[in-house]
Amino acid sequence: MTVKILIVGFGNVGQGLAELLVEKERMLREKYKTDVQVVGIVTRHWGAIVDEHGLALSRVLASVLAGKGFAHSGYDLQSQTTAELIENLDYDVLIELTITDLNNGEPATQYIRLALERGRSVITTNKGPIALHLKELETLAKTHHAVLKYEGTVMSGTPVLNLIEHNLAGLEIRKIEGIVNGSSNYILTRMEEGLEYDDAVKEARELGYLEADASADLDGWDAVAKVMILAGVAFGVTLKVDEVQRRGIAGLTRREVEDALGQNKVWRQVVELERGEQEGCLRAAKAGLRLLGNGHPLAQIKGAGNGLVIYTDVMPLITVSGPGAGRRETGYAVLNDLLSICTEQC
Ligand code: HSE
């Protein structure tokens, strides 16, 4: 079967996805009987290219990685806007990978709505629309017989949302604790190794871990968005930003980090969600700073890693850990979502 995709946003994640589609083309065809054709790529900086028979991805990637945008891709730039392409192009799945805006989720939410209203399925790694508008978008998807997938919004390709939705079906989730912001965990780990806060932040920035607006990571906003997404998926609860308690790592001193180590403890930025007495409400929704004893499963998460501990009625404690960011890791989340759409729907 052939699945035609339109990619909006071609930064790190889009390029990581394209690399995986090239590398795994044969496997996708032989094992999953799926021929993925990228019929369009739309970007803010380089414009848009389309080919209804599928773009030559290797050539497009080579042009982009050489710093030439689409200039050496062999394709003419399109004059249509992003919205026009989403509304008019012939594709099966929109892959929405634009930059996260946690204030209003735009322009991504509008792009997602346009595709769903056409009955096209959507995969996104964008935290804004999912944190702020999950219920509305899921209803829209259902109304138009389309599918909305967003595994990459929390812990990149490490399976968490699909795990909760599918593999833990039938369990009552009572509580979730997690480290879901890789860059703050990296900074804390480097401070444990002796770096001052500012130097650790600088290093995280140089390694490309921090969001364009570093406050998202350092002041805890990114973790808040992930709490909102987890609340929707695990507990069916819609939270507003100001309903999540927040404290980021900004302001923590090396002295405090060293004092904790002296007591066999570590500072971690931990998200916490706890089921409330009544359906549809939570007893706790936090993205805060916590001192963890060395025995806590999350105390072992080092560097840019992420981890989630899920407490349920039957399986007391399930721990998942793995990468929480990265071009190929998040690209893989998209590929996994695409395969599940193809096996469920196509
Ligand atoms: N800035 C985020 C982090 C990227 O550090 O975890 C992944 O959402």
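Report on the accompanying structure. (Residues numbered from 1 in each chain as written. Predicted model: local features only at pLDDT ≥ 70, side-chain atom pairs only at ≥ 80, totals over all residues. Heavy atoms only, no water.)

Quick look at the packing of helix α1 (residues 12–23) against helix α13 (residues 327–344)
Note the threshold: Orientation is described by lines fitted to C-alpha atoms, with helices fitted over the stretch in contact, and by angles between N-to-C directions that extend from 0 to 180 degrees. Secondary structure elements are defined from DSSP: runs of H or I of at least 4 residues count as helices, runs of E of at least 2 residues count as strands, and each element is numbered from the N terminus. Throughout, the term roughly parallel applies to angles under 35 degrees, roughly antiparallel to angles over 145, roughly perpendicular to angles from 65 to 115, and oblique to all others. Left-handed describes a crossing whose near helix is turned anticlockwise from the far helix through less than a right angle; right-handed describes the clockwise counterpart. Throughout, a residue-residue contact means that at least one pair of heavy atoms, one from each residue, lies within 4.5 Å.
Direction vectors running N to C along α1 and α13 enclose 65°, while the axes themselves pass 7 Å from each other. Considering the angle they form, α1 stands roughly perpendicular to α13. Read as a crossing pair, α1 and α13 show a hand that is right-handed. Mapping the contact onto sequence places Asn12, Val13, Gln15, Gly16, Leu17, Glu19, Leu20, Leu21 and Glu23 in α1 and Arg327, Arg328, Thr330, Gly331, Tyr332, Val334 and Leu335 in α13.

Digging into the packing of aromatic side chains
We count it as follows: Under the pairing criterion, centres of Phe, Tyr and Trp rings, with the six-membered ring standing for Trp, must be within 6.5 Å; the plane angle then separates stacked pairs below 30 degrees from edge-to-face pairs above 60, leaving the rest tilted. Accessibility here uses a 1.4 Å probe with only protein chains present; expressed as a share of the type maximum, an area under 20% marks a residue as buried, one over 50% as exposed, and anything in between as partly exposed. Look at NZ for Lys and CZ for Arg. If either is within 6 Å of the ring centre and within 35 degrees of the ring normal, a charge sits over the ring.
Overall, the coordinates contain three aromatic pairs when judged by the stated rule. Relative to phenylalanine 70, the ring of phenylalanine 10 lies with its centre 6.4 Å away and its plane at 45°, an arrangement referred to as tilted. Of the two residues, phenylalanine 10 is situated in the loop between β1 (2–8) and α1 and phenylalanine 70 in the loop between α3 (57–65) and α4 (82–88); the sequence distance between them amounts to 60 residues. Considered together, phenylalanine 10 and phenylalanine 70 belong to a single accessibility category, that of buried residues. Where tryptophan 46 meets phenylalanine 70, the ring centres are 5.6 Å apart and the plane angle is 70°; that geometry is what we call edge-to-face. In this pair, tryptophan 46 is assigned in the loop between β2 (35–42) and β3 (48–50) and phenylalanine 70 in the loop between α3 and α4, connecting sequence segments 24 residues apart. Look at phenylalanine 70 and you get buried, because its relative accessible area is 3%. Through successive ring pairs, a cluster of aromatic residues spans Phe10, Trp46 and Phe70. When the ring centre of tyrosine 91 is taken as origin, the NZ or CZ atom of arginine 120, which lies over that ring, is 5.8 Å away. The ring of tryptophan 221 has arginine 246 sitting right over it, with the charged end atom 3.8 Å from the ring centre.

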